[in-house]
Protein chains: 2
Amino acid sequence: MSPDAPAHLSEEEIINLVASLAGGAGGELTVGIGDDCAVLGGAQAGLVVTTDLLVQGVHFDLGLMSPSDVGHRSMAANLSDLAAMGAEPAWGFLSLGLPAHPQASFVSELVGSMVSQGRAYGLKLAGGDTVKSPVVVINLCLLGAMGNLAPVLRSGGLLGDAVCVTGLLGGSGAGLAWLQAGRDPEDPAAAGAVAAHQRPTPRVEAGRALAESGQVHAMMDLSDGLASDLPRLARASGLGAAVEAELVPIDPAAMAVAQALEGDALGWALAGGEDFELMFTCDPGRVELLAQLVAEATGGLAVSQVGRLTPGPGVTLIRQGKEEPITYMGFDHFRESAP
Amino acid sequence: MSPDAPAHLSEEEIINLVASLAGGAGGELTVGIGDDCAVLGGAQAGLVVTTDLLVQGVHFDLGLMSPSDVGHRSMAANLSDLAAMGAEPAWGFLSLGLPAHPQASFVSELVGSMVSQGRAYGLKLAGGDTVKSPVVVINLCLLGAMGNLAPVLRSGGLLGDAVCVTGLLGGSGAGLAWLQAGRDPEDPAAAGAVAAHQRPTPRVEAGRALAESGQVHAMMDLSDGLASDLPRLARASGLGAAVEAELVPIDPAAMAVAQALEGDALGWALAGGEDFELMFTCDPGRVELLAQLVAEATGGLAVSQVGRLTPGPGVTLIRQGKEEPITYMGFDHFRESAP
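Calculation notes
- Residues numbered from 1 in each chain as written.
- Chains lettered and ligands numbered in written order.
- Predicted model: local features only at pLDDT ≥ 70, side-chain atom pairs only at ≥ 80, totals over all residues.
- Pairing = 2+ DSSP bridges.
- Helix = DSSP H or I, 4+ residues; strand = E, 2+ residues; numbered from the N terminus.
- Axes fitted to C-alpha atoms, helices over the stretch in contact; angles between N-to-C directions.
- Contact = placed C-beta atoms within 7 Å.
- Core = buried A, V, L, I, M, F, W, Y, C linked by C-beta atoms within 7 Å.
- Buried ≥ 20, exposed ≤ 12 C-beta atoms within 10 Å, placed from the backbone.
- Domains from an automatic or database assignment.

Caption draft 1: Quick look at the sheet that holds strand E9 (residues 240–244) of chain B. All names here are of chain B. Pairing in this open sheet of 7 strands is mixed, and the strands run E8-E10-E7-E11-E9-E12-E13 from one edge to the other. Either end of the sheet is taken by a strand with one partner, and the two such strands are strand E8 (216–221) and strand E13 (322–326). The average undirected angle you get between the axes of adjacent strands in this sheet is 30°. Pairing geometry for strand E12 (residues 315–319) and E13, over 5 bridges, is antiparallel. The partner of Ile-318 across the bridge, within E13, is Glu-323. Along the sheet face, helix H10 (residues 287–298) touches strand E7 (162–166), E8, strand E10 (278–282) and strand E11 (303–310) and points at about 140° away from the line of E11.

Caption draft 2: Main features of the nonpolar core. Among the nonpolar cores identified, the biggest contains 229 residues, and A:Met279 and B:Met279 are the most heavily contacted of them. Residues within four places of B:Met279 in sequence aside, it is in contact with B:Val163, B:Val165, B:Met219, B:Met220, B:Leu222, B:Leu226, B:Asp229, B:Leu230 and B:Leu233.

Caption draft 3: Up close: the pairing of E9(B). All names here are of chain B. Burial within E9 is extensive, with 4 of its 5 residues counted as buried. Pairing analysis gives 4 bridges linking E9 to E11, with the strands arranged antiparallel. Its bridge partner lying in E11, Ala-242 is registered against Arg-308. Relative to E12, E9 is paired through 4 bridges, and the arrangement is parallel. Within the sheet, the bridge partner assigned to Ala-241 lies in E12 and is Val-315.

Caption draft 4: Just the domain arrangement of chain A, in detail. Residue and element names in this part refer to chain A. When cut into domains, chain A gives domain 1 (11–145) and domain 2 (154–337). Computed from C-alpha coordinates alone, the two centres of domain 1 and domain 2 are separated by 22 Å. Taken together, the contact pairs 23 residues of domain 1 with 24 residues of domain 2. Counting only elements with at least two residues in the side of domain 1 that touches domain 2, the list comes to helix H1 (11–22), helix H2 (67–83) and strand E4 (88–98). Residue contributions to the side of domain 1 that touches domain 2 peak at 10 residues, all from H2.

Following this line, the structure appears as structure tokens:
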């Protein structure tokens, strides 16, 4: 039996298969596979856990990113999952696969950057594993503490809710496109986009402020892009959604890159992924209040309403008065390479 | 900068580098990188965490092991780390890297076996990640609960302590040698050794009983073999150790394989690794009592005293009246491939 015989399980199908084998939530597990974090119960109530596996050549290209960027980015992506529950980062566990003869400077830059990014948000690297591997493999498993707040799930969205996002979208996708086109990463026209891709900022304080408000119904982080992640949130909430293209806060850095490369800034904002902003839903009357709380907690991070939750089914994009369905336009590693 | 430029960090040196970057124990972290598990403190007191990364071609060969064996073995290896602290398995997080076009049956067998092995010891798979990877990559991160017991560390050994092991040693190394020699895995002469390699039993009940006794000074699991792991325990305790070759409980299954392959059963018992038995130290007057407690908790698992903790430095093997130093004979993935 070989793992690479032809069969076409998508990432989503594999996750569903693993979840069904694991037996889903229940007992002392409040939320199992399928949210940004698992929510533990029983003696471990108040603890949320997330884990992410990153593989060289699939998730990062050491030709396009320094070891320090890879370290920063992998920690930021995981912190973003904790932020999406409203948790305080607490403990991290790093598994590192390295080719034979690893250089001390490579390990120092990668891990040093990860540790300092974690420390900036109160996370302590507490353990791990180091093994040989044909390519660099990084697994981070992070524990976050809710204190006495309830974690904000994907599934709590209500019909008519405003769908909001923090910050600006599309920068990371544009930065990646710039680097993949072989353009100069130091070019001032693309510096913002390249930085958004290489050194994203996890929205830990914003997530915590939103959870503390008690006014957020559903939340998740934008790791694959609005076009993939909003259908997930809507479906988890048993609803659909509509997004207005004109309301999507496109990163000016993405527009600059779009101009230079003749690319599609809205496309990056919807489907480029890896912006690691937060998406949440709330009563439309609370958007302004929540925007103010987030701005105060973060020193000025914007909140934009981009759409609303609808009876569904499905998620639509409203562009120049026309509605079109949004399907999964995001990043599915398995589907992407299927014939 | 490339991760495979020539430089010769060993696995131990990488672990030390990562530990120094992470900042070691302190604050709410009771035990950091360097024991079988991290021991958390503060609001997460009583929780221990272990993580292990397994890479196809480095840690397992899908030509020699079925997906179900790989799943069983990876979960057993991690449960063994929890057992070595005396913890009750609680929660598991699985990251899975799979080549493109994964087969449903491959995923089902691998994960199904992992889930059922975990469930047998009270562990619930609560979350994870699934990504594409050029080779199969498995990362498990397990949380164990100490209840109101103190975790048993590597560092608590006292001068004059008896060094004891559970069960029999060398079976796994012999089974691997048998498979690598291309011999029939169904051959009754090697069935015990092959099973020891493919489907090891984590000593969760024994570890718990030993921790509950309050009589064990230091404990760890034998993942790399006595020749590597005893020097680690002795050094962590600030001591040396002496092992008597005649006292090492060599698995009869290893002796059968040694006869057939003209192999070295004592070598497998000392340095073959992956037996996942427990090694612990205690007052020499308590060995009998602890052996009885382990036998009761497990339905008959043996405990053998193999040596004692000495002023050191270093660990010696006493064979036919002669003492010889034991250096790191175990499995160091990085060192092994250095020129």
